[in-house]
Amino acid sequence: MSDPSTAQKISKFVHRLRTRRQVLVNQLNLREMQDSRQFLQGELSAIDAILQEMIEEFDLSSELSTAEDITEEAWLHALARNPAFEFLADPSEDLYTVEDGKPILYEDEA
């Protein structure tokens, strides 16, 4: 990788793959995602294979970031775009309205 712009693109792509991988790992631990477990494991295996190929092809072993390097913003962005949560857009998922319950009043509002 002699071209710095190519190296930077590859590094960013690997970072995004690792973010997606960590999101999948976290989803595997969610009870709500148990019905999708096989799908998530397949996705995880595919990402692992791609990462391994990229590590070998571009000699990236020393350049890979760890999961701790993933920002909260990157997590939220990955989760917001994850198709596993598309069911939440269904109107039948809107169980509560503003009229439900009582408002929380803080000391300075009371």
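Calculation criteria
- Residues numbered from 1 in each chain as written.
- Predicted model: local features only at pLDDT ≥ 70, side-chain atom pairs only at ≥ 80, totals over all residues.
- Heavy atoms only, no water.
- Helix = DSSP H or I, 4+ residues; strand = E, 2+ residues; numbered from the N terminus.
- Buried < 20%, exposed > 50% of the residue type's maximum accessible area, 1.4 Å probe, protein only.
- Salt bridge = Lys/Arg side-chain N within 4 Å of Asp/Glu carboxyl O.
- Patch = residues over 30% accessible without salt bridge, like charges linked within 9 Å, V, L, I, M, F, W, Y side chains within 5 Å.
- Areas by Shrake-Rupley, 256 points an atom, 1.4 Å probe, with all protein chains shown as cover.
- Lys, Arg positive; Asp, Glu negative; His and termini not counted.
- Charge placed at Lys NZ, Arg CZ, Asp CG, Glu CD.
- Core = buried A, V, L, I, M, F, W, Y, C linked by side-chain atoms within 4.5 Å.
- Contact = heavy atoms within 4.5 Å.
- pLDDT = per-residue confidence, 0-100.
- Axes fitted to C-alpha atoms, helices over the stretch in contact; angles between N-to-C directions.
- Parallel < 35°, antiparallel > 145°, perpendicular 65-115°, else oblique.
- Left-handed = near helix turned anticlockwise from the far one by under 90°.

(A) View of the overall build of the chain. Helix and strand content of the chain: 3 helices and 0 strands. Traced from its N-terminal end to its C-terminal end, the chain shows the element sequence α-α-α. Buried residues in the chain amount to 20% of all 110 residues.

(B) Quick peek at the pattern of salt bridges. Per the stated rule, a full pass over the model turns up 1 salt bridge. For Arg21, the salt bridge identified is with Asp48, shortest N-O distance 2.5 Å. Of this pair, Arg21 sits in helix H1 (residues 4–28) while Asp48 sits in helix H2 (residues 37–58); the two residues are 27 residues apart in sequence, bridging distant segments of the chain. Residue Arg21 is classed as partly exposed on the basis of its relative accessible area of 26%.

(C) Seen up close, a positive patch on the surface. On the surface, a cluster of positive charge is contributed by Lys12, Arg16, Arg20 and Arg81. Relative to the helices and strands, Arg81 is located in the segment after helix H3 (72–80). Taking the relative accessible area as the measure of exposure, Arg81 reaches 58% and is therefore exposed.

(D) Focus on the nonpolar core. Ranked by size, the top nonpolar core spans 12 residues in total: Ile10, Val14, Leu17, Leu24, Leu28, Met33, Leu40, Leu44, Ile47, Leu51, Met54 and Leu60. Secondary-structure elements contributing two or more residues to this core are H1 and H2. Sequence-distant contacts of Met54, defined by excluding residues within four places in its chain, comprise Ile10, Phe13, Val14, Leu17, Asp59 and Leu60.

(E) Inspection of the confidence of the model for the chain at higher detail. Model confidence for the chain is summarised by a mean pLDDT of 78, while 82% of its residues fall at 70 or above. Mean pLDDT across the secondary structure elements of the chain bottoms out at H3, with 69, and peaks at H2, with 87.

(F) Region of the structure containing the packing of H1 against H2. Close contact between H1 and H2 brings their axes to 10 Å; oriented N to C, the two are set at 155°. Our classification of the angle between H1 and H2 gives roughly antiparallel. Handedness of the H1/H2 crossing: left-handed. Contacts between H1 and H2 involve Ile10, Phe13, Val14, Leu17, Arg18, Arg20, Arg21, Leu24, Val25, Gln27 and Leu28 from the former and Arg37, Leu40, Gln41, Glu43, Leu44, Ile47, Asp48, Ile50, Leu51, Met54 and Phe58 from the latter.

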